[in-house]
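Residue strings, one per chain:
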Amino acid sequence: MLAFSARPAAAESRAYQLDPTHLSIAFLVSHVGFAKTLGLFRSAEGSFVFDESIPQVKDIQVVIPTASVFTNNEARDTHLRSADFLAAEQYPTITFTGTSAQPTGEHTGTVTGDLSIRGVTKPVTLDVVWNKSGDYPFGDHHYAIGLSARTTIKRSDFGMTYALAGGLVADEVEIILEFEAIRQP
C-alpha cells in the first residue's frame, strides 16, 4: 500500500474507500497465559489516496467505532466497552491517521501513523502487504486493492491497565488488518 515496486496500473493518484463487506480489524491478547482471546471490530470507515505507478500512499484515515468490539462473549464485550478498557461511551471512536510510508520489498512496506484510543494518541507502524489490485470479478466489476497489515501495541500506552498485574490480561495486543478498498471514480 505504499512505495512498493512499480506495477502496471493507472499512472495517477486515486482515492480509495475501505470496502465494509471485505474488512476485518482483529486483535489477539493473551488471557492469563492460557490462550489468546481473538476479538474484532465489526465496523470501520476509511480512505486513502494511492498511486500504483510510483507506488505511493497518502491521506490515510480510518475510524473505528469502539462499541463495535466483538469477542463472541457478550459479558466480555460489555467489559471491553467499559472504562477498564475502551471507555466506548466517553471515546466512541478509535482513529488512525497515516503520516508516512516506506517500502521494504516488492509487495511489502510499512505505514506509520497516529493511533488514537481513549483520547491518547501514539505513533504506530504497520507492516503492510499489498496483496493484489485489479478489476473485481463480481457485481459492478469495480477496481479494488487488497491489503494485509500487522502491528503490536501496548494497551497500557493508551491508559488500559486493568488486569495487567499478575498477567491476567497481557499488555501486548496483536493487531490484524485484512481488507479490500474500492477505487473511487
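To be clear, the structure that these remarks concern was listed above.
S.K.: Talk me through the overall build of the protein; I want residue IDs and the actual numbers.
M.R.: Scanning the protein from terminus to terminus reveals one helix and 10 strands. Secondary structure elements of the protein, listed N to C terminal, follow the sequence β-β-β-β-β-α-β-β-β-β-β. Taking 2.2 N^0.38 as the reference for a compact globule, 185 residues should give roughly 16 Å; the C-alpha atoms of the protein span a radius of gyration of 17 Å, in line with that estimate. The principal-axis extent of the C-alpha atoms belonging to the protein is close to 55 × 35 × 30 Å. In the protein, which comprises 185 residues, the proportion classed as buried is 41%. If you take every contact in the protein between residues at least 6 apart in sequence, the share linking residues at least 24 apart comes to 59%. Accessible area of the protein: about 9600 Å², with a carbon and sulfur share of 54%. Averaging the coordinates of the 14 positive side-chain charges in the protein and doing the same for the 21 negative ones gives two points 3 Å apart.

S.K.: Outline the packing of aromatic side chains, listing residues and values.
M.R.: Under the counting rule described, the total for this entry stands at six aromatic pairs. Here Tyr 16 and Phe 50 contribute two aromatic rings whose centre-to-centre distance is 6.4 Å and whose plane-to-plane angle is 65 degrees, an arrangement assigned as edge-to-face. Of the two residues, Tyr 16 sits in strand β1 (residues 14–31) while Phe 50 sits in strand β3 (residues 45–51), which places them 34 residues apart along the sequence. Considered together, Tyr 16 and Phe 50 belong to a single accessibility category, that of buried residues. Arranged with centres 5.3 Å apart and planes meeting at 70 degrees, the rings of Phe 85 and Tyr 162 form a pair that is edge-to-face. Here Phe 85 is found in the loop between α1 (74–81) and β6 (93–103), whereas its partner Tyr 162 is found in the loop between β9 (143–154) and β10 (172–183), with 77 residues between them in sequence. An aromatic cluster of at least three residues, connected via ring pairs, comprises Tyr 16, Phe 48, Phe 50 and Trp 130. The residue whose ring lies beneath Arg 42 is Phe 70, and the NZ or CZ to ring-centre distance is 3.8 Å. Against the face of Tyr 143 rests Arg 183, its NZ or CZ located 3.9 Å from the ring centre.

Conventions adopted
Residues numbered from 1 in each chain as written. Predicted model: local features only at pLDDT ≥ 70, side-chain atom pairs only at ≥ 80, totals over all residues. Heavy atoms only, no water. Helix = DSSP H or I, 4+ residues; strand = E, 2+ residues; numbered from the N terminus. Rg over C-alpha atoms; globule rule 2.2 N^0.38 Å. Buried < 20%, exposed > 50% of the residue type's maximum accessible area, 1.4 Å probe, protein only. Contact = heavy atoms within 4.5 Å. Areas by Shrake-Rupley, 256 points an atom, 1.4 Å probe, with all protein chains shown as cover. Lys, Arg positive; Asp, Glu negative; His and termini not counted. Charge placed at Lys NZ, Arg CZ, Asp CG, Glu CD. Phe/Tyr/Trp six-rings, centres within 6.5 Å; stacked < 30°, edge-to-face > 60°. Lys NZ or Arg CZ within 6 Å of the ring centre and 35° of its normal.

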